[in-house]
Amino acid sequence: MPRHSQKLLGPKGEELLANRFRGQPTTQQVITIDGGPLELPSLPWQEKFFYQDPHRFKVLAKGRRLGATTGLAHYLIDRMLAKPIRVLWCDTTRSNVRSYWERIWLPILSKIKHQFWDWNETAKVLKLAGSTLDMHSAERPENLEGQKYHIAGLNESGIILADRTLWEQSIRPMLLDYKAEVLFVGTFKGRLGKDGKDHLFFELFQRGQNNAEWPDWISYKIPSSANPLLDQAELEAMAKEIPAIIRVQEMEGEFVNISQESQVKESWIIYVDAIPP
């Protein structure tokens, strides 16, 4: 299998790479199979969250099917093509890593000449134009340790951060060397973590709302309806079909604790003194 190349444009390559960030003539225009630019489209909310917001730590609490996983992949590819960097992608399970690789990453990379990228299936490591992406699951946090990164993308943060040791003991120390940028993306899955305390995803979201104390942090809450590719009538139909508390969590990206919310309200109960004849 051909290896990737770090010299894409000859002597002028480093100059062009250094000047690149969205919309400028870049290495994209020479590494694609068809010779054209590599298309990495973004929705309005993706453009604002991933590209325009300058904060180092960005937290996104989202509704389902918003397009966050695809947007995160596009952003990381864009950054990896800009200059050689080390990137971490963390997800729920190895099977999810494999699924996202096949459905999101590979269709994009298949448009790039294979001499510029290489995928190690066993290690789950992508080499792209001088950059390296490690794709890990949160199943065994200790397996992530020992590296250093420029960017970390934590997909499904509402699930993987239920165990706060993943962030506090494994990922956070690996961001020290380069003062890495971090993107937390996920749908909230309960108010409490595995330790019975506030879920770390909720805690980090709150941190992003307190810019005075945490100036490097910002948090967003974006509902499913912000994805213009979804049929709004279908969204409305789904909203009518599911319990209100589920809708608030899964479609609106709200922080709720379903286990503590009663599905049967006391006002619905009729009390009687005796069983009717």
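A short tour of the structure in this document, coming up. (Residues numbered from 1 in each chain as written. Predicted model: local features only at pLDDT ≥ 70, side-chain atom pairs only at ≥ 80, totals over all residues. Heavy atoms only, no water.)

## Overview of the overall build of the protein chain
Part 1: From N to C terminus, the protein chain includes 10 helices and 8 strands.
Part 2: Buried positions account for 48% of the 277 residues belonging to the protein chain.
Part 3: Of the roughly 14,500 Å² of accessible surface on the protein chain, 51% is carried by carbon and sulfur atoms. (Helix = DSSP H or I, 4+ residues; strand = E, 2+ residues; numbered from the N terminus. Buried < 20%, exposed > 50% of the residue type's maximum accessible area, 1.4 Å probe, protein only. Areas by Shrake-Rupley, 256 points an atom, 1.4 Å probe, with all protein chains shown as cover.)

## Here's the deal with the nonpolar core
Part 1: Core analysis: the largest hydrophobic core is formed by 43 residues, its most contacted members being Trp45, Leu60, Trp89, Trp105, Leu126 and Leu128.
Part 2: Residue contributions to this core peak at 8 residues, all from helix α4 (residues 68-82).
Part 3: Setting aside anything within four residues of it in sequence, one finds Leu128 in contact with Ile77, Met80, Leu81, Leu109, Ile112, Phe116 and Trp117.
Part 4: Core analysis: the next-biggest nonpolar cluster, separate from the first, contains 28 residues, Leu144, Leu166, Ile171 and Phe202 among them. (Core = buried A, V, L, I, M, F, W, Y, C linked by side-chain atoms within 4.5 Å. Contact = heavy atoms within 4.5 Å.)

## Considering unusual backbone geometry
Part 1: With a phi angle near 50°, Ala129 is a residue other than glycine that sits in the positive phi range.
Part 2: By relative accessible area, which is 5% here, Ala129 ends up buried.
Part 3: Despite not being glycine, Glu156 shows a phi value in the positive range, around 55°.
Part 4: Following the sequence through the fold, Glu156 ends up in the loop between β6 (151-154) and α6 (157-160).

## Things to note about the environment of Ala68
Part 1: Along the polypeptide, Ala68 turns up in helix α4.
Part 2: For the pair Ala68 and Asn155, spaced 87 residues apart in the sequence, the C-alpha separation amounts to 8.5 Å.
Part 3: Here Ala68 is in contact with Trp45, Phe50, Leu60, Lys62 and Val185, once residues within four sequence places are set aside.

## Brief notes about the sheet that holds strand β8 (residues 217-222)
Neighbouring strands of a sheet are bound in pairs by backbone hydrogen bonds; such pairs are parallel or else antiparallel.
Part 1: Strand order in this open sheet of 8 strands is β3-β4-β5-β2-β6-β7-β1-β8, and the pairing throughout is mixed. Whereas interior strands pair on both sides, the edge strands pair on one side only; in this sheet they are β3 (117-120) and β8. Here the average twist between neighbouring strands, direction ignored, is 10°.
Part 2: Here strand β1 (residues 57-62) runs beside strand β7 (residues 181-186); their pairing, made up of 5 bridges, is parallel. By the bridge assignment, Leu60 is partnered in β7 with Val185.
Part 3: Across the face of the sheet, α4 comes into contact with β1, β2 (86-91), β4 (125-128), β5 (131-137), β6 and β7 while running at roughly 165° to β2.
Part 4: Along the sheet face, helix α8 (residues 200-208) touches β1, β7 and β8 and points at about 110° away from the line of β8. (Pairing = 2+ DSSP bridges. Axes fitted to C-alpha atoms, helices over the stretch in contact; angles between N-to-C directions.)

## Examining the layout of surface pockets
Part 1: Roughly 520 Å³ of internal volume is contained in the largest pocket.
Part 2: In this structure, the largest pocket is lined by 21 residues; those nearest its centre are Arg65, Gly67, Ala68, Thr69 and Thr70.
Part 3: Listing elements by their share of the lining of the largest pocket, those giving two or more residues are α4 and α5 (94-109).
Part 4: Here the element with the most residues in the lining of the largest pocket is α4; it accounts for 4 residues. (1 Å grid on protein atoms, 1.4 Å probe; cavity = no way out; pocket = protein on both sides within 12 Å on 5 of 7 lines; lining within 4 Å. Points joined across faces, edges and corners; volume = space filled by probe spheres on them.)

## As for α5
Part 1: The axis of α5 is deflected most strongly, by about 40°, at Trp101.
Part 2: Each element contacted by the buried residues of α5 is listed here: α4, β2, β3, β4 and β5. (Bend = angle between axes of the 7 residues up to and from the residue.)

## Examining the environment of Tyr51
Part 1: Its place among the elements puts Tyr51 in helix α3 (residues 44-52).
Part 2: With 28 residues separating them along the chain, Tyr51 and Arg79 place their C-alpha atoms 10.0 Å apart.

## Re the pairing of β8
Each regular strand carries side chains that alternate between the two faces of the sheet.
Part 1: β8 sits mainly inside the fold: 5 of its 6 residues count as buried.
Part 2: Pairing analysis gives 6 bridges linking β1 to β8, with the strands arranged parallel. In the sheet register, Val59 faces β8, and the bridge partner there is Ser219.

## Observations regarding the packing of α4 against α5
Part 1: Close contact between α4 and α5 brings their axes to 11 Å; oriented N to C, the two are set at 40°. In terms of their interaxial angle, α4 and α5 are classed as oblique. As α4 packs across α5, the resulting crossing turns out to be right-handed. Residues Thr69, Thr70, Ala73, His74, Leu76, Ile77 and Met80 of α4 touch α5, and the partners they reach there are Tyr100, Ile104, Trp105 and Ile108.
Part 2: Classifying every residue of the contact of α4 with α5 by side-chain character gives 8 nonpolar, 3 polar and no charged. (Parallel < 35°, antiparallel > 145°, perpendicular 65-115°, else oblique. Left-handed = near helix turned anticlockwise from the far one by under 90°. Nonpolar A, V, L, I, M, F, W, Y, C, P; charged D, E, K, R; others polar.)

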